[in-house]
Every structure is written in C-alpha cells, then in structure tokens.
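So you can see what is in the structure, the chains are spelled out below.
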Amino acid sequence: YAIAQRPEKSNMFWVLVITMPTWINMMVRTYAWVGILQDGGLINSLLGLFGIGPFKMMYTTFAVVLGMVYNFIPFMILQIHTSLTKMDKSYLEALRIWAQSFLRIPLPLSLPGVLSGITLVFLPAVSSFFIPKLLGGGQYVLIGNVIETQFLTSGDWNFGSAISLIMAVIIMISMYVT
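Residues numbered from 1 in each chain as written. Predicted model: local features only at pLDDT ≥ 70, side-chain atom pairs only at ≥ 80, totals over all residues. Heavy atoms only, no water.

### Points about the side chain of serine 83
1) Next: Within the secondary structure, serine 83 is located in helix H4 (residues 61–85).
2) Next: Classification of serine 83 as buried rests on a relative accessible area of 13%.
3) Next: Apart from the residues within four sequence positions on either side, serine 83 is in contact with Leu109, Ser110, Pro112 and Gly113. (Helix = DSSP H or I, 4+ residues; strand = E, 2+ residues; numbered from the N terminus. Buried < 20%, exposed > 50% of the residue type's maximum accessible area, 1.4 Å probe, protein only. Contact = heavy atoms within 4.5 Å.)

### Examining the nonpolar core
1) Next: Ranked by internal contacts, the top residues of the largest apolar core, which has 15 residues, are Leu37, Met68, Phe72, Ile131 and Leu135.
2) Next: Going through the elements one at a time, helix H2 (26–37), H4, helix H6 (106–127) and helix H7 (130–136) are the ones with two or more residues in this core.
3) Next: Residues contacting leucine 135, with those up to four places away along its chain left out, are Thr30, Trp33, Val34, Met58, Tyr59, Thr60, Ala63, Val64 and Gly67. (Core = buried A, V, L, I, M, F, W, Y, C linked by side-chain atoms within 4.5 Å.)

### A few points about the environment of tyrosine 1
1) Next: Topologically, tyrosine 1 is positioned in the segment before helix H1 (8–19).
2) Next: As for tyrosine 1 and serine 110, which are separated by 109 residues in sequence, their C-alpha atoms are 9.1 Å apart.

### Regarding a nonpolar patch on the surface
1) Next: Side chains of Leu42, Leu46, Leu49, Phe50, Ile52 and Phe55 sit close together on the surface and give an oily, nonpolar patch of about 670 Å² of accessible area.
2) Next: Relative to the helices and strands, phenylalanine 55 is located in the loop between helix H3 (42–49) and H4. (Patch = residues over 30% accessible without salt bridge, like charges linked within 9 Å, V, L, I, M, F, W, Y side chains within 5 Å. Areas by Shrake-Rupley, 256 points an atom, 1.4 Å probe, with all protein chains shown as cover. Salt bridge = Lys/Arg side-chain N within 4 Å of Asp/Glu carboxyl O.)

### Things to note about the environment of isoleucine 80
1) Next: As for its position among the elements, isoleucine 80 is in helix H4.
2) Next: Separated by 27 residues in sequence, isoleucine 80 and leucine 107 place their C-alpha atoms 9.7 Å apart.
3) Next: Sequence-distant contacts of isoleucine 80, defined by excluding residues within four places in its chain, comprise Ser110, Gly113 and Val114.

### Considerations on the confidence of the model for the protein
Interpretation of this model should avoid reading the predicted coordinates in detail wherever pLDDT is low.
1) Next: Of the residues in the protein, 93% reach a pLDDT of 70 or more, and the chain-wide mean stands at 85.
2) Next: By mean pLDDT, the top-scoring element of the protein is H2 (92), and the lowest-scoring one is helix H5 (residues 89–98) (63). (pLDDT = per-residue confidence, 0-100.)

### Let's talk about unusual backbone geometry
1) Next: Even without glycine at this site, tyrosine 59 takes up a positive phi of about 60°.
2) Next: For tyrosine 59, the position within the fold is in the loop between H3 and H4.
3) Next: Taking relative accessible area as the criterion, tyrosine 59 reaches 42% and is therefore assigned partly exposed.

### Concerning the pattern of salt bridges
1) Next: Applying the stated criterion to the full structure yields one salt bridge.
2) Next: For lysine 133, the salt bridge goes to glutamate 148, with nearest N and O atoms at 3.0 Å. Taken as a pair, lysine 133 in helix H7 and glutamate 148 in helix H8 (residues 143–153) lie far apart in primary sequence, 15 residues in all.
3) Next: Given a relative accessible area of 14%, glutamate 148 falls into the buried group.

### Examining the packing of H8 against helix H9 (residues 157–177)
1) Next: In contact at an axis separation of 7 Å, H8 and H9 are set at 150° when each is read in the N-to-C sense. By the criterion of interaxial angle, the relationship of H8 to H9 is roughly antiparallel. In terms of crossing hand, the pair formed by H8 and H9 is left-handed. Between H8 and H9, the contacting residues are Ile143, Val146, Ile147, Gln150 and Phe151 on the first element and Trp157, Phe159, Gly160, Ser161, Ile163, Ser164 and Met167 on the second.
2) Next: Class assignment of the residues belonging to the contact of H8 with H9 gives a composition of eight nonpolar, four polar and no charged. (Axes fitted to C-alpha atoms, helices over the stretch in contact; angles between N-to-C directions. Parallel < 35°, antiparallel > 145°, perpendicular 65-115°, else oblique. Left-handed = near helix turned anticlockwise from the far one by under 90°. Nonpolar A, V, L, I, M, F, W, Y, C, P; charged D, E, K, R; others polar.)

Written out as structure tokens, the structure reads:
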C-alpha cells in the first residue's frame, strides 16, 4: 500500500528493491539465512555484543517460517501492488478526506491481488523441500519433502508422480477459481 501511494519514479524504485533479491537463486538465499541464523552467525554475534544470547535459531519453526516468508513475499507484494496501483485514486482521496480506515476502502479493493498472490505463492511454498531441510534440519515435512523422498529415497516414482499430479490439479483449480 505504501509503495502504491508513492510517485511513479519512486514507485518503480521500490518495486526494483523488492524484486532484486529474486535475481539470486533461491538456494543461495536460503544458504545465506543459514549463515545468519546459526549459533555463531550474524544475529547471535550482534546479540553477543550486547551481552545477549546466543539463541538457538537454526532447525526451528522460526527459521523455516522466516526462510519461506523471505523467499516468497516478493511475489505476494508484487501482486498486491499491482492490484492497488489499478485502484481509482479518487477512492484514496476519499480515504484521506474522511479519514476512513484502511479496512474499508483499500483492503477490499486489493483482494484480487491478495487472491492472485496466494495462488502464485501457494505451490512453490508447499512444494519447497530445501528450505525446511536446510533451515529446519529435516524435521519439518512439506509436500515437497514427501515428493522428494518418494523420488530420491524410496524410489516410488508412481506415488511421487501421483502426489505431484494432485498438487498440479489443486493449483489449476485455484487458478480457475481466482
């Protein structure tokens, strides 16, 4: 919302800032989080300067959620941004004049962007197998981990293919509904 309200030149700059991390491979970005979150990593080193910590951040739910959000949030932000920039500016003027809440005008008008963002982020987030493996230590299982196990470890290509096909059908249905 804040980016959509900026002048167009500033708007393009912030969209570029949001998309720049996606220019780097997702695996490399996830490995960077390993270096940041590990016991001797950047966060614990900074906290150590203040006499705090160290905290165990690797192989936790926090690490997996952080890695997933970091890797997939640009796709959601861009979808919502597109929806908000298409919104009629007179609605925003009414919002400023009458000091109405964010929930009454921009949020309902941005719901198409939210829905398309959910559709765009759902499949890669659910099928991601290396983020929970690297940041969660393999103790968190997503559909992607199950598919990977079926193909690489169990050798049950039929079951892995069936799960993949079911996921593809779910995505196609959600895209159709959206």
